[in-house]
Amino acid sequence: MEARPAPSLQAQGITAGYGSVPVIVDVSIAVGPGEVVAIIGPNGAGKSTLLKTLVGILRLDSGRILLGADDVTGRAPEELARRGVGYVPQVNDIFEPLTVLENLEMGGYLLNAAQVRARVLEVGAVFPQLPPMLKRRADKLSGGERKMLAIARVLMLDPKVLILDEPTANLSPKLADGLLREHVKRLAGLGKAVLLVEQRARAALEIADWTSVLVSGSVRLEGRPADLLQRQDFEELFLGAGTELGVSDESNMEET
Ligand SMILES: Nc1ncnc2c1ncn2[C@@H]1O[C@H](COP(=O)(O)OP(=O)(O)O)[C@@H](O)[C@H]1O
Ligand SMILES: [Mg+2]
């Protein structure tokens, strides 16, 4: 079996939350170049909380965060972004009143004008759907286009690590599969370390190299997807938590 790459980003035993009661407890996770690591688990498990802690938005109570070999525990989001950590949040992922181009320019906020122009071309090559719509207002985009722009905006700084919080939320199953199989997988193929939170467990398992199951703020199970799927306790973990594998709320999805 292939060994996992040395981590680009890792959390070692982190505990964090919003008040005195921690939401995530003693969580360890790692992602290396070329890997897709998926975090799955029921609603409210603490998946978004874990990501917000990793990118410096939330302060941690204990544990360490390492970027390569450097301890970056407690560093500000801006510093982590500067050092190659890109984060696409679950909501508020684009600036709606701005055009596609302006959104990309905002994403390149650490670059000079010439670098921004060059990078817009490079990101346009990664997502060829974007260049023809540079002048459109972001609030006119479909759900799929919108998520693509959110990822492209973060790619403006050419991050080493890409952290995606439920990128397929509100997308139809077909669009969701396309985004994961085509784009997310390809970004890992470009050598990026991709850490993905996904509500569609089965779709995540298909593209992930490694998967952690987060339940009630703790990693309850982790491993290679093929190994996880063979374990009887895997499905039970989901069912016990009131969530069916791969089934998501289809009430507010978009088709285009
Ligand atoms: N801003 C916040 N302030 C206080 N509690 C929060 C906040 N955001 C989330 N929580 C709580 O933290 C827990 C985990 O939430 P979250 O990390 O969003 O879960 P998930 O992303 O797995 O659905 C939930 O109980 C939620 O109510
Ligand atoms: Mg969440």
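Residues numbered from 1 in each chain as written. Chains lettered and ligands numbered in written order. Predicted model: local features only at pLDDT ≥ 70, side-chain atom pairs only at ≥ 80, totals over all residues. Heavy atoms only, no water.

Peer 1: Help me understand the overall build of the chain in this model?
Peer 2: The helix and strand tally for the chain stands at nine helices and ten strands. Taking 2.2 N^0.38 as the reference for a compact globule, 256 residues should give roughly 18 Å; the C-alpha atoms of the chain span a radius of gyration of 18 Å, in line with that estimate. Dimensions of the chain along its principal axes, counting C-alpha atoms only, are 50 × 40 × 40 Å. Classification of the 256 residues of the chain by burial places 50% in the buried group. For the chain, contacts bridging at least 24 residues in sequence account for 70% of all contacts bridging at least 6. (Helix = DSSP H or I, 4+ residues; strand = E, 2+ residues; numbered from the N terminus. Rg over C-alpha atoms; globule rule 2.2 N^0.38 Å. Buried < 20%, exposed > 50% of the residue type's maximum accessible area, 1.4 Å probe, protein only. Contact = heavy atoms within 4.5 Å.)

Peer 1: Hey, could you run me through the pairing of strand 10 (residues 218–223) in this one?
Peer 2: For a regular strand, side chains alternate in direction, first toward one face of the sheet and then toward the other. Bridge count for strand 9 (residues 210–215) against strand 10 is five bridges, and the pairing is antiparallel. Residue pairing for strand 10: Val 215 is matched across the bridge by Ser 218. Linking strand 9 back to strand 10 in an antiparallel pair, the connection comprises two residues, with Ser 216 at a positive phi of about 50°. (Pairing = 2+ DSSP bridges.)

Peer 1: Which parts of the structure should I look at to understand the coordination of the magnesium ion (ligand 2)?
Peer 2: Ideal values differ by geometry: the angle at a metal is 109.5 degrees with four tetrahedral donors, but 90 or 180 degrees with six octahedral donors. Within the protein, the atoms that donate to the magnesium ion (ligand 2) are Ser 48 (OG) and Gln 90 (OE1), at distances of 2.1 to 2.4 Å. Placement of the pair is Ser 48 in helix 1 (residues 47–54) and Gln 90 in the loop between strand 6 (85–88) and helix 3 (100–107), with a sequence separation of 42 residues. On the basis of relative accessibility, which here comes to 19%, the residue Ser 48 falls in the buried class. By relative accessible area, Gln 90 is classed as partly exposed at 33%. (Donors = N, O, S within 2.8 Å, 3.2 Å for Na, K, Ca; no water.)

Peer 1: Help me understand the sheet that holds strand 3 (residues 36–40) in this model?
Peer 2: Where strands meet in a sheet, backbone hydrogen bonds hold them as pairs that are either parallel or antiparallel. If you walk across this open sheet you meet the six strands as 6-7-8-3-9-10, and the pairing is mixed. Strand pairing shows two members of the sheet lacking a second neighbour, strand 6 and strand 10, which therefore form its edges. Neighbour to neighbour, the strand axes of the sheet diverge by 15° on average, direction disregarded. When strand 3 meets strand 8 (residues 193–197), the two strands line up parallel, connected through four bridges. Note that in strand 8 the partner of Val 36 across the bridge is Val 194. Along the sheet face, helix 5 (residues 143–155) touches strand 6 and strand 7 (161–165) and points at about 160° away from the line of strand 6. Docked against the sheet, helix 6 (residues 173–189) engages strand 3, strand 7 and strand 8, running at close to 140° with respect to strand 8. (Axes fitted to C-alpha atoms, helices over the stretch in contact; angles between N-to-C directions.)

Peer 1: What is the right way to read the nonpolar core from this model?
Peer 2: One broad trend across soluble globular proteins is that nonpolar side chains are buried collectively. Judged by nonpolar contacts, the single largest core of 47 residues is most densely connected at Leu 104, Phe 127, Leu 149, Ile 151, Leu 155, Leu 164 and Val 213. Here this core takes seven residues from helix 5, the largest share from any one element. The residue makeup of this core includes at least three contributed by each of domain 1 (1–84 + 160–243) and domain 2 (90–158). One finds Ile 14, Val 55, Val 72 and Leu 214 within the second-largest nonpolar core, a separate group that totals 28 residues. (Core = buried A, V, L, I, M, F, W, Y, C linked by side-chain atoms within 4.5 Å. Domains from an automatic or database assignment.)

Peer 1: It is not clear to me how the side chain of Asp 165 should be interpreted in this structure. Could you clarify?
Peer 2: Mapped onto the fold, Asp 165 is located in strand 7. This buried residue, Asp 165, is left without a salt bridge; Lys 52 holds the nearest opposite charge, at 6.8 Å. Of note is the side chain of Asp 165, whose polar atom sits 2.6 Å from the side chain of Ser 48. If near-sequence neighbours (up to four positions away) are discounted, Asp 165 is found in contact with Ser 48, Leu 51, Val 88, Pro 89, Gln 90 and Val 197. (Lys, Arg positive; Asp, Glu negative; His and termini not counted. Salt bridge = Lys/Arg side-chain N within 4 Å of Asp/Glu carboxyl O. Polar contact = N/O pair within 3.5 Å; in protein donor to acceptor, adjacent residues only side chain to side chain.)

Peer 1: How should the sheet that holds strand 1 (residues 9–17) be read in this particular structure?
Peer 2: Read across the open sheet, the four strands follow the order 2-1-4-5; overall the sheet is antiparallel. The strands lining the two open edges of the sheet, one partner per strand, are strand 2 (22–31) and strand 5 (70–71). One ladder, built from two bridges, connects strand 4 (residues 60–67) with strand 5; its direction is antiparallel. When the bridges of strand 5 are listed, Leu 67 appears paired with Asp 70. Strand contacts of helix 1: strand 1, strand 2 and strand 4, with the helix running at about 65° to strand 2, the strand carrying the most contacts.

Peer 1: Teacher, can you tell me more about the pattern of salt bridges here?
Peer 2: Side chains that differ in charge, positive against negative, can pair when their charged atoms come close. With the rule as written, the count across this model stands at 18 salt bridges. Glu 145 serves as the salt-bridge partner of Arg 136, at 3.6 Å between the closest nitrogen and oxygen. Note on Arg 136: relative accessible area 35%, which makes it partly exposed. It is possible to trace a salt-bridge network through shared partners that takes in Asp 70, Arg 75, Glu 79 and Arg 83.

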